Amino acid sequence: MTASAYKDHLGRPIVAVTGMGIITSLGQGLSDNWAALSSGTSGIHEINRFPTEGLSTRIAGTVDFIGIPVPNAVERSYAFARETTIEALADAGLSGDFNGPLFLAAPPIEPEWSARFELADRSPASDHPGDAYERFLTALRQRPDPAFHEAALFGAISERLADRFGTRGLPVTLSTACASGVTAIQLGIEAIRQGRTDRALTVATDGSLSAEALIRFSLLSALSTQNDPPTKASKPFSKDRDGFVIAEGAATLVLESLESAVARGAKVLGIMKGAGDKADSFHRTRSSPDGGPAIATIRAALADAGIDESGIGYINAHGTSTPENDKMEYGAMSAVFGDRIVGIPVSSNKSMIGHTLTAAGAVEAVFSLQTMLTGTLPPTINYNNPDPSIVLDVVPNKKREAQVSAVLSNSFGFGGQNASLVMALEPA
């Protein structure tokens, strides 16, 4: 391979993926996850982490098989990220200090109500209700609580990962709603393209599922209430879809300049060809119904990749299973791909793993790469009642063997955080 082959159409270093790790409600590790996902298995189940009596939604894709020392979102999110990073680094053939930057997508962090109540119980009494904050500080001064303190620190997860894996520089923690996983990958891509590093560790994790999170999303009418059976609740692009199923998970991708990967004899799993992102100021949680920002996001990713619409052979849809978002995404894809959209396979991993929120973009990037590597298109399950206003080939209910060389993966998040990736098996 000549030196010129290491540059893309804009003269930038080509970015390769050399390692992947994943955890979802389907299990731990890429092998088990892919076997379950490609066979149409659902990881959605009844919640047993906390009582759900009286709640309209009682199901989720929780990850309850990873041990944690303290039951809070920081510990869960860190544990998921740690395990997927261990897998990804082993997959990349890297050991010792990583010696590259860390970009982490993590959920907004705040102490859970059980911890707040415990703190309130040991706070000194006061005749002034408005003094609650000072009472809490007094209680913590009298008896420091390191676990509570760390549970309130947004940057705690990335700092622990940086220490554990020997990353270089200040670790970056970001949160761009449901697009966070793609944003972390995009930052890694840009760091390599700009020549700031030969490799980047991109991690996305979310272990924030709690009673409070469930109630908040329920108040937004965003969650499915079809609790029985849990495995049938998430039905993207179906006429009877009624909301997404909240879930947990994590994914890590080792990004590396192709030149660096070839020089050390690394296995190249795929190429990050392009990334695009656009903001949407339409509403605090809703996406613009006309799909304008989503359309611009997809077009930006294609332009960044240096390919046109005809180069995409498969789309890993955001596909949340909410009435509004699925309709918007279909409109956006139709605007970009025109009549050709009916012939492009488009499936939603969320039909099986639920919506992993902050982790979703990276989780789906891993599955997109695996789709190309295996020549298997994962299905969209629970597709038994098609929406006549959404005409797509969703790879209904059963996997399909088909070799594709380039994939588009969409992540369109709350608050108009839109991001798309274009991935390929080989550089052009």
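- Where an unreviewed UniProt entry is consulted, the protein chain appears under the name Beta-ketoacyl-ACP synthase, with the organism given as Rhizobium ruizarguesonis.
- Within the UniProt record for the protein chain, the comment given under Sequence similarities (unreviewed entry) is "Belongs to the thiolase-like superfamily. Beta-ketoacyl-ACP synthases family."
- The annotation that UniProt attaches to the protein chain under Pathway (unreviewed entry) is "Lipid metabolism; fatty acid biosynthesis."

## Brief notes about the pairing of strand E9 (residues 270-279)
Link 1 in the chain: The element E9 is largely enclosed, with a buried count of seven among its ten residues.
Link 2 in the chain: Judged from the three bridges that link them, strand E1 (residues 15-24) and E9 form a sheet pairing that is antiparallel. Within the sheet, the bridge partner assigned to alanine 16 lies in E9 and is isoleucine 271.
Link 3 in the chain: Here E9 runs beside strand E15 (residues 417-424); their pairing, made up of eight bridges, is antiparallel. Note on E15: the bridge partner recorded for isoleucine 271 is alanine 424.

## Observations concerning the side chain of glutamate 248
Link 1 in the chain: When you line up the elements, glutamate 248 lands in the loop between helix H8 (211-219) and strand E8 (249-257).
Link 2 in the chain: Given a relative accessible area of 0%, glutamate 248 falls into the buried group.
Link 3 in the chain: A distance of 2.8 Å separates polar atoms of two side chains, one belonging to glutamate 248 and the other to arginine 49.

## Looking at the pattern of salt bridges
Link 1 in the chain: What the rule picks out here adds up to 16 salt bridges.
Link 2 in the chain: Notably, a salt bridge pairs arginine 216 with glutamate 212, separated by 2.6 Å at the nearest N-O pair. A residue pair is termed a helical-turn pair when its members lie 3 or 4 positions apart in one helix, as arginine 216 and glutamate 212 do in helix H8 at four residues.
Link 3 in the chain: Among the residues examined, glutamate 212 registers a relative accessible area of 14% and is labelled buried.

## Description of the environment of threonine 225
Link 1 in the chain: Positionally, threonine 225 belongs in the loop between H8 and E8.
Link 2 in the chain: With a relative accessible area of 42%, threonine 225 lands in the partly exposed category.
Link 3 in the chain: Residues in contact with threonine 225, not counting those within four places in the same chain, are Ser56, Thr57 and Asp242.

## A closer look at unusual backbone geometry
Link 1 in the chain: The omega torsion across aspartate 228 and proline 229 is -5 degrees, close enough to zero to call that bond cis.
Link 2 in the chain: Structurally, proline 229 can be placed in the loop between H8 and E8.
Link 3 in the chain: Notably, asparagine 382 is not glycine yet its phi reads approximately 65 degrees, a positive angle.
Link 4 in the chain: By secondary structure assignment, the location of asparagine 382 is in the loop between strand E12 (376-377) and strand E13 (400-401).
Link 5 in the chain: A relative accessible area of 7% places asparagine 382 in the buried class.

Conventions we followed
Residues numbered from 1 in each chain as written. Predicted model: local features only at pLDDT ≥ 70, side-chain atom pairs only at ≥ 80, totals over all residues. Heavy atoms only, no water. UniProt positions renumbered as here; feature names shortened; annotations may be inferred. Buried < 20%, exposed > 50% of the residue type's maximum accessible area, 1.4 Å probe, protein only. Helix = DSSP H or I, 4+ residues; strand = E, 2+ residues; numbered from the N terminus. Pairing = 2+ DSSP bridges. Polar contact = N/O pair within 3.5 Å; in protein donor to acceptor, adjacent residues only side chain to side chain. Salt bridge = Lys/Arg side-chain N within 4 Å of Asp/Glu carboxyl O. Contact = heavy atoms within 4.5 Å.

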